[in-house]
Each structure stands twice: as C-alpha cells, then as structure tokens.
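Descriptive analysis of the structure
Take a look at the letters that make up each chain.
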Amino acid sequence: MKIGIIGGGIGGTATACALLRKGFDVTIFEQAPAFGEVGAGVQMTPNAVKSIIGMGLESDLMRTAFYPRAVTGRHWKTGRENFRIDLGGDFRAHYQAPFVHVHRADLLDVFVSNIPREICRFGQKCTGISNTPTGAQARFQDGSTFEADLIIGADGVRSVVREAMFGAGDLRWTGHQCYRALVPTGGVVDYVAPASSFWMGPKAHVVTYYVKGGEAVNIVAVTEAAEWVTESWSTRVTRAEMLADFEGWHPDLQKLFSGVTDVYNWGLFDRDPMATWSKGAVTLLGDACHPMLPFLSQGAAMAIEDAYVLAESLALNPKDLGAALAGYEAERLPRTSRVQLEARERGRTYHLPTEEQMAARDAEYARRAKEDPRTTGINTDWVYDYDPRGFADRLAAA
Ligand SMILES: Cc1cc2nc3c(=O)[nH]c(=O)nc-3n(C[C@H](O)[C@H](O)[C@H](O)COP(=O)(O)OP(=O)(O)OC[C@H]3O[C@@H](n4cnc5c(N)ncnc54)[C@H](O)[C@@H]3O)c2cc1C
C-alpha cells in the first residue's frame, strides 16, 4: 500500500516510523524546509511511552529523557504540597512503563532518526486533497501533485486536509494564554524539584519540569485573557511581561523565571471532538483531528498512540482500507474525545478564582489521594492505563 503523510510534526513522523516498521511504502510531506520543533519540553506519560516501546524506539527515547520522581500539586504562594503521585518503581510496575520528560526536539528526533531521508519531501505545502477512483490525491503550492492508496492528514490544528474533507469547523478561543520557556540550569537545582510540579493559583497555573537529562527546566505558565489579539499562534514576549503576570507567586518560581531569556506566549484554541476522521482514502491523525488543551499533557501522546494503532490496523487489514480505517477510528476516537473534553475541564478546576474554592478543591484532592494514591486530584489512572499494544486483541474480541 502506497501512503502519503501530510505534516512532519510529532504525529506525522511517529506515523511514518510505525508504518515503515510494518513494511508500507511511505512518503512524508512537510511545508517547512526541515523537520523542527519549538524549544520546549513535553511530558511523556506511560501510555505514550508504551506506544514508543511498541515501535521499538525505547532506547532512542531514553537517551535524553529525565525521570521525574513525582507529580506534585503545589499552592501558588506558599508552595504547600496539595497532592503527590510517586513515579517510582510501584508506578512503573503498575503501568508497565515509566513517566519521562523530554525536550520536544529530542522527541521529534526519536522518530526522524529512524526515517530515511529519501522518503521526506520538504518545502511542500499541501493546498488541497481529494478522493480519486483509485485512492486519493494531494495538491501542493508549487503545483505538484501526489497520488496514493491512502493519504493521512497529520498537519496540525489548522489542518488543510481536515478542511478539505470535513470543512473548517469552529476553532474556539479557550480564554487561556500560555508562556513557554526553557531555563538552562546545568543540572538539578535546589529551587526546582525533580518532579512534574503543578503550581495552582487564582485563574492561573504553572508547570515546571526538567528536560535534556536534567540540564534545563521547561516552564509552561498559563493565565487567562478575554481574547487573543495577535494573528499568530505564538508571539515572543519579554521576561518582564511574564514576571508581571506572576507577581506574588512563590520565590522559587520567581527565581526560576528570572533565568528565562526567550519567552513565547501562546494562545490556546481547541475544537469539539469530531464524529468521524476518515473519508474514502483520506484520514486524519493527531492535532488535525483532536487538538486539545495541554492540561492533561496528552496532545503529543495521543498523536503517538494514533500512529501506533493506525499502522497496526492497516497491517491487520492490508486488502480492506475501509475496515482498517473503521478499526482505527473505533479504537481511537472515543478515547481522544474523552481526553479532549477532560483537558478542557481541567482548564476550569486548575483556575479557580478564590482561595476558598482552591482550598475545597485541594481538600478533595487529599481525600482522593488517601483512598487511592494513584488517582489523587488529577485522576489520570484511565489515561496512563491504556496500552495501544492490546489493540489487535481488542479488535479480535469485538
Ligand atoms: C503549551 C503546550 C504544552 C504541551 N505539552 C504537552 C505535553 O506535555 N505532552 C503532550 O503529549 N503534548 C503536549 N502538548 C501538545 C502537543 O504539542 C501537540 O498535541 C502535538 O505536537 C501535535 O502533533 P501533530 O503532529 O499532530 O501536530 P503539529 O505538531 O502541529 O505538526 C503538524 C506539522 O504539519 C506541518 N504542516 C501544517 N500544515 C501543513 C501543510 N498544509 N502542508 C504540509 N505540512 C503542513 C507543520 O509544519 C508541522 O510540522 C502541548 C501543547 C502546548 C501548546
């Protein structure tokens, strides 16, 4: 089967790797002159790590990974710990994979380093897609075309493939803006815990964690705004602007923020879950079909799970594309829809406006943690439990 992938982000490159492993003929089209990711971090939760292990890329991932000791929730001003999920041996044994932090460029490289250059077409901006009597055709800005048995739209939240197949749909401003920055620390420092730390304050939260094997700290700092005023998704801002939004927050955070040099401010948009992702010989994957808020740290994770399952479903149904795409959607769409909606809900619970509401939330987190330390406040057991490697068995049982 000849397959074209539009988009060479984390989803597109992961899909290329998964398909190549199964022996498919793959070509990947990226609009940029080279593969590249923004200088920031990404949390790889056990479900994502299981997909990467399933693709045989575990050692590539672990080369630059940082192993956090815990996920902790902290009070924005006092630093008081409100919840903790220990990420040690019991956690790894329970979920059959570790929870790790990586730099986004390093994660992209896990996939890119396993893709032959001759199947990559750079500077190819897709402008349209249509089904043909024998498959599907992609059209590009330079006037060229590409025909294949299957075309996969992995072209992100503003997907051209999605628009061509299903219309533009509503892209919703969520009311959140997000600062992203990386601080080189040269190792673990006493003012940043070796954990995934969630600092929750009034109408804002901050997540900090180490990447590059502990050489740098990634910051994601989310506040609220009535509207997103610039045309771009992200803009460069000053350290002073970021510090001003977090005045009065804990001194450890202020110290970390003062080491920031390059800061980007992102507008956070999302969409409602879709009813279907496939039409004829065209399907979607990653942010193209399920863009989500970053509050469950699952956008890249979901794209990687999609990649694993799509390749598996195509390999199980090599002569029946309809059945392969139906199997892919049946496995993936309910899960990604739930993650999209839960991530949206976190935007509310993480941003309660008053100390009274925050105290009630934190007491509930503590109560749940006592009942079952794995669930705690953020209740992510069902997210981490998923193992894409069980897809074939689930399909056979259905
Ligand atoms: C602040 C923040 C923090 C996050 N933290 C996490 C986290 O901790 N864990 C996690 O799992 N996820 C996280 N995410 C989500 C994650 O970054 C995304 O969900 C993921 O990168 C989506 O991958 P993708 O390949 O689907 O899309 P993209 O990364 O957007 O890639 C799309 C690619 O397609 C190319 N492209 C676009 N249009 C065209 C076209 N017309 N023709 C050709 N090429 C095209 C683009 O250039 C790009 O390379 C976070 C997101 C944000 C904003």
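Residues numbered from 1 in each chain as written. Predicted model: local features only at pLDDT ≥ 70, side-chain atom pairs only at ≥ 80, totals over all residues. Heavy atoms only, no water.

Taking an unreviewed UniProt entry as the reference, the chain is identified by name as FAD-dependent monooxygenase belonging to Paracoccus aurantius.

Overview of the overall build of the chain
Summing up its helical and strand segments, the chain has 13 helices and 18 strands in all. Taking 2.2 N^0.38 as the reference for a compact globule, 398 residues should give roughly 21 Å; the C-alpha atoms of the chain span a radius of gyration of 21 Å, in line with that estimate. Taking all 398 residues of the chain together, the buried fraction comes to 57%. Once local pairs closer than 6 in sequence are excluded, the contacts in the chain between residues at least 24 apart make up 74%. (Helix = DSSP H or I, 4+ residues; strand = E, 2+ residues; numbered from the N terminus. Rg over C-alpha atoms; globule rule 2.2 N^0.38 Å. Buried < 20%, exposed > 50% of the residue type's maximum accessible area, 1.4 Å probe, protein only. Contact = heavy atoms within 4.5 Å.)

Some points on the pattern of salt bridges
Per the stated rule, a full pass over the model turns up 19 salt bridges. Arg344 serves as the salt-bridge partner of Asp270, at 3.0 Å between the closest nitrogen and oxygen. Taken as a pair, Asp270 in strand β17 (residues 263-270) and Arg344 in helix α10 (residues 321-349) lie far apart in primary sequence, 74 residues in all. Residue class for Arg344 comes out partly exposed when judged on its relative accessible area of 23%. Where salt bridges share partners, they join Arg172, Asp270, Asp272 and Arg344 into one cluster. (Salt bridge = Lys/Arg side-chain N within 4 Å of Asp/Glu carboxyl O.)

Considerations on the packing of aromatic side chains
Counted under the stated rule, the structure contains 18 aromatic pairs. For the ring pair Phe99 and Tyr384, a centre distance of 6.0 Å and an interplane angle of 85 degrees mean the geometry is edge-to-face. With Phe99 in the loop between α4 (89-95) and β6 (100-103) and Tyr384 in helix α12 (residues 381-385), this residue pair connects regions lying 285 residues apart in the sequence. On the accessibility criterion, Phe99 (4% relative accessible area) is buried. Taken together, the ring pairs in this structure connect Trp76, Tyr179, Phe246, Trp249 and Phe257 into an aromatic cluster. Sitting over the ring of Trp382, Arg338 keeps its end group 3.7 Å from the ring centre. (Phe/Tyr/Trp six-rings, centres within 6.5 Å; stacked < 30°, edge-to-face > 60°. Lys NZ or Arg CZ within 6 Å of the ring centre and 35° of its normal.)

Description of the sheet that holds strand β10 (residues 145-148)
The strand order across the open sheet built from 3 strands is β8-β9-β10, with neighbouring strands paired in antiparallel fashion. The open sheet is flanked by β8 (126-132) and β10, the only strands paired with a single partner. Each strand of the sheet is rotated relative to its neighbour by a mean of 20 degrees, with strand direction disregarded. With 6 bridges joining them, β8 and strand β9 (residues 135-140) adopt antiparallel strand pairing. Opposite Thr132, over in β9, you have Gly135 as the bridge partner. (Pairing = 2+ DSSP bridges. Axes fitted to C-alpha atoms, helices over the stretch in contact; angles between N-to-C directions.)

Brief notes about the packing of helix α1 (residues 10-21) against helix α9 (residues 299-316)
Two elements in contact, α1 and α9, have axes whose closest approach is 8 Å; the angle formed by their N-to-C orientations is 30 degrees. Relative to α9, the element α1 is oriented roughly parallel. Along this stretch, α1 crosses α9, giving a crossing that reads as right-handed. Counting all contacts with α1, which are made through Ile10, Gly11, Ala14, Thr15, Ala18 and Leu19, the residues of α9 involved are Ala300, Ala303, Ile304, Ala307, Tyr308, Ala311 and Leu314. Each residue belonging to the contact of α1 with α9 can be placed in one class, and the counts come to 11 nonpolar, 2 polar and no charged. (Parallel < 35°, antiparallel > 145°, perpendicular 65-115°, else oblique. Left-handed = near helix turned anticlockwise from the far one by under 90°. Nonpolar A, V, L, I, M, F, W, Y, C, P; charged D, E, K, R; others polar.)

What to know about the site of the ligand
What surrounds the ligand is a group of 30 residues, the closest being Gly11, Glu30, Arg104, Asp287 and Ala301. Taking Ala301, its main chain carries an N or O atom lying 2.9 Å from an oxygen atom of the ligand. Within the complex, 87% of the 1,000 Å² of free accessible area of the ligand lies under protein. Residues of the shell around the ligand, tallied by class, amount to 12 nonpolar, 12 polar and 6 charged. (Near = heavy atom within 4 Å. Polar contact = N/O pair within 3.5 Å; in protein donor to acceptor, adjacent residues only side chain to side chain. Areas by Shrake-Rupley, 256 points an atom, 1.4 Å probe, with all protein chains shown as cover.)

What about the sheet that holds strand β18 (residues 282-284)?
Read from one edge of the open sheet, 5 strands run β7-β2-β1-β11-β18, paired in parallel fashion. Two strands bound the open sheet, and with one partner strand each, they are β7 (120-121) and β18. Alignment of strand β2 (residues 25-29) against β7, held across 2 bridges, turns out to be parallel. Bridged to Phe29 within β7 is Arg121. Sheet contacts for α1: β1 (2-6), β2 and β11 (150-153); angle to β2, the most-contacted strand, approximately 170 degrees.

A look at the side chain of Asp362
Within the secondary structure, Asp362 sits in helix α11 (residues 355-371). Residue classification places Asp362 among the buried positions, given a relative accessible area of 7%. Engagement of the side chain of Asp362 in a polar contact is seen with the side chain of Arg361, the distance being 3.0 Å.

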